[in-house]
Amino acid sequence: MRGVLLKPLVNRDEDRLIYIRQSALGAGDDNTAFSVPEIQDLRASVKTLSAFGEFSTLEFTMIGLGEPRVVQSGVVSGNFFEVMGLHPVLGRLIGPQDDGPKAAGVVVLTYRFWATTLGKDPGVMGKTLRLGWGPMGDRSATIIGVLEPSVPYPQDTEIMANIVTSPHHLSATMVASRLHRMTELFGRLAPGATPRSSSR
């Protein structure tokens, strides 16, 4: 309780950070994630938020750091870490240059995974991994950084990867379906906006 509720978060300007959810009453869900088309609608219409960061969770089979292992992974948009206000302790984090289907695959290790599983080995920087997800095959990705210690929200993950590492995220189902809701969404309040104004 003291560490999470009483001490400030490491996230830069955490009082400007918003976690966004929605109601999907037709599906009987009053607290659900977003589809890609719904996020595009918000980007075009909501003016009280200056930026949005996208996060979804997948279990990848990771090959390239010892024995193959299944890792809980966050698949994030290029501005996710900027929106979250987080920094690296080693290397760099995923950025806008890592967005798009033609970007190279990149991975950021969470601090806990780097410390407890990899013994804080700086030599993992620049290593190439293979990330696999079921029948959709695997993709190559390079380790570019280690995330600072932070609250693992909305999911506890071991690695964070850009969208191109997940064939599912590039599929028509993910890109076009309004009912395929698997993306968590964060936002940054625009100057002068308040949490109350952003909920309208």
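Refer to the structure printed above.
S.K.: Honestly, the nonpolar core in this entry has me stumped. Any pointers?
M.R.: Across soluble globular proteins, nonpolar side chains have a tendency to be buried as a group. Judged by nonpolar contacts, the single largest core of 22 residues is most densely connected at F60, M62, V107, L109, L131 and I159. Of all the secondary-structure elements, those providing two or more residues to this core are strand 4 (49-63), strand 5 (69-76), strand 7 (106-109), helix 4 (111-116), strand 8 (128-132), strand 9 (138-147) and strand 10 (159-162). Leaving out residues up to four positions away in the same chain, M62 has contacts with E67, P68, R69, V71, F113, L129, R130, L131 and I159. Judged by nonpolar contacts, the second largest core, of 16 residues, contains F80, F81, L93 and I94.

S.K.: Whenever I open this one, the packing of aromatic side chains confuses me. Can you help?
M.R.: To describe a pair of aromatic rings, you give the distance between the ring centres and the angle between the ring planes. Applying the stated criterion across every chain yields a total of seven aromatic pairs. With 5.0 Å between their ring centres and 35° between their planes, Y19 and F186 make a pair best called tilted. Of this pair, Y19 sits in strand 1 (residues 17-20) while F186 sits in strand 11 (residues 184-189), and the two are 167 residues apart along the sequence. The interplanar angle of 75° and the centroid separation of 6.0 Å between the aromatic rings of F80 and F186 together place this pair among those described as edge-to-face. Here F80, found in helix 3 (residues 80-84), pairs with F186, found in strand 11; they are 106 residues apart in sequence, far enough to count as distant. With relative accessibility at 3%, the residue F186 sits in the buried group. By way of ring pairs, the aromatic residues Y19, F55, F80, F81, Y153 and F186 are connected into one cluster.

S.K.: Is there a simple way to explain the pattern of salt bridges in this structure?
M.R.: Charged atoms that come close allow side chains of opposite charge to pair. Taken as a whole and judged by the stated rule, the model has nine salt bridges. Two residues, R112 and D156, come together in a salt bridge whose shortest N-O distance is 3.2 Å. With R112 in helix 4 and D156 in the loop between strand 9 and strand 10, this pair connects stretches of sequence that are 44 residues apart. A residue is classified by how much of its surface remains accessible, and D156, at 41% relative accessible area, is partly exposed. Three or more residues are tied together by salt bridges with common partners; here these are R12, D13 and E82.

S.K.: Would you mind showing me how to read the side chain of S56 here?
M.R.: Positionally, S56 belongs in strand 4. Polar side-chain contacts of S56 include one of 2.6 Å to the side chain of H169. Once residues lying within four places of it in the same chain are set aside, the contact partners of S56 are S73, G74, V75, H169, M182 and T183.

S.K.: I'm lost on the pairing of strand 11 in this one. Help?
M.R.: On any regular strand, side chains alternate: one points to one face of the sheet, the next to the other face. Among the six residues of strand 11, six are classified as buried, and the element is accordingly described as predominantly covered. Residues E184, F186 and R188 line one face of strand 11 and the alternating positions L185, G187 and L189 line the opposite face, and both faces are buried. Where strand 1 meets strand 11, four bridges bridge the pair, whose relative direction is antiparallel. If you follow Y19 over to strand 11, its bridge partner there is F186. As paired elements, strand 4 and strand 11 share six bridges and run antiparallel to each other. For F52, the partnering residue across the bridge sits in strand 11 and is G187.

S.K.: For this particular structure, what's the right way to read the layout of surface pockets?
M.R.: Quantified by volume, the largest pocket comes out at close to 390 Å³. Along the walls of the largest pocket sit 24 residues, with L86, S150, V151, P152 and Y153 positioned nearest its centre. When residues of the lining of the largest pocket are assigned to their parent elements, the largest contribution, three residues, is made by strand 1. When grouped by side-chain class, the residues that make up the lining of the largest pocket number 15 nonpolar, five polar and four charged.

S.K.: Explain a nonpolar patch on the surface here, please?
M.R.: A contiguous nonpolar patch, built from L9, V151 and Y153 and spanning about 250 Å² of accessible area, is present on the exposed surface. Assignment of secondary structure puts V151 in the loop between strand 9 and strand 10.

About the cut-offs
Residues numbered from 1 in each chain as written. Predicted model: local features only at pLDDT ≥ 70, side-chain atom pairs only at ≥ 80, totals over all residues. Heavy atoms only, no water. Core = buried A, V, L, I, M, F, W, Y, C linked by side-chain atoms within 4.5 Å. Buried < 20%, exposed > 50% of the residue type's maximum accessible area, 1.4 Å probe, protein only. Helix = DSSP H or I, 4+ residues; strand = E, 2+ residues; numbered from the N terminus. Contact = heavy atoms within 4.5 Å. Phe/Tyr/Trp six-rings, centres within 6.5 Å; stacked < 30°, edge-to-face > 60°. Salt bridge = Lys/Arg side-chain N within 4 Å of Asp/Glu carboxyl O. Polar contact = N/O pair within 3.5 Å; in protein donor to acceptor, adjacent residues only side chain to side chain. Pairing = 2+ DSSP bridges. 1 Å grid on protein atoms, 1.4 Å probe; cavity = no way out; pocket = protein on both sides within 12 Å on 5 of 7 lines; lining within 4 Å. Points joined across faces, edges and corners; volume = space filled by probe spheres on them. Nonpolar A, V, L, I, M, F, W, Y, C, P; charged D, E, K, R; others polar. Patch = residues over 30% accessible without salt bridge, like charges linked within 9 Å, V, L, I, M, F, W, Y side chains within 5 Å. Areas by Shrake-Rupley, 256 points an atom, 1.4 Å probe, with all protein chains shown as cover.

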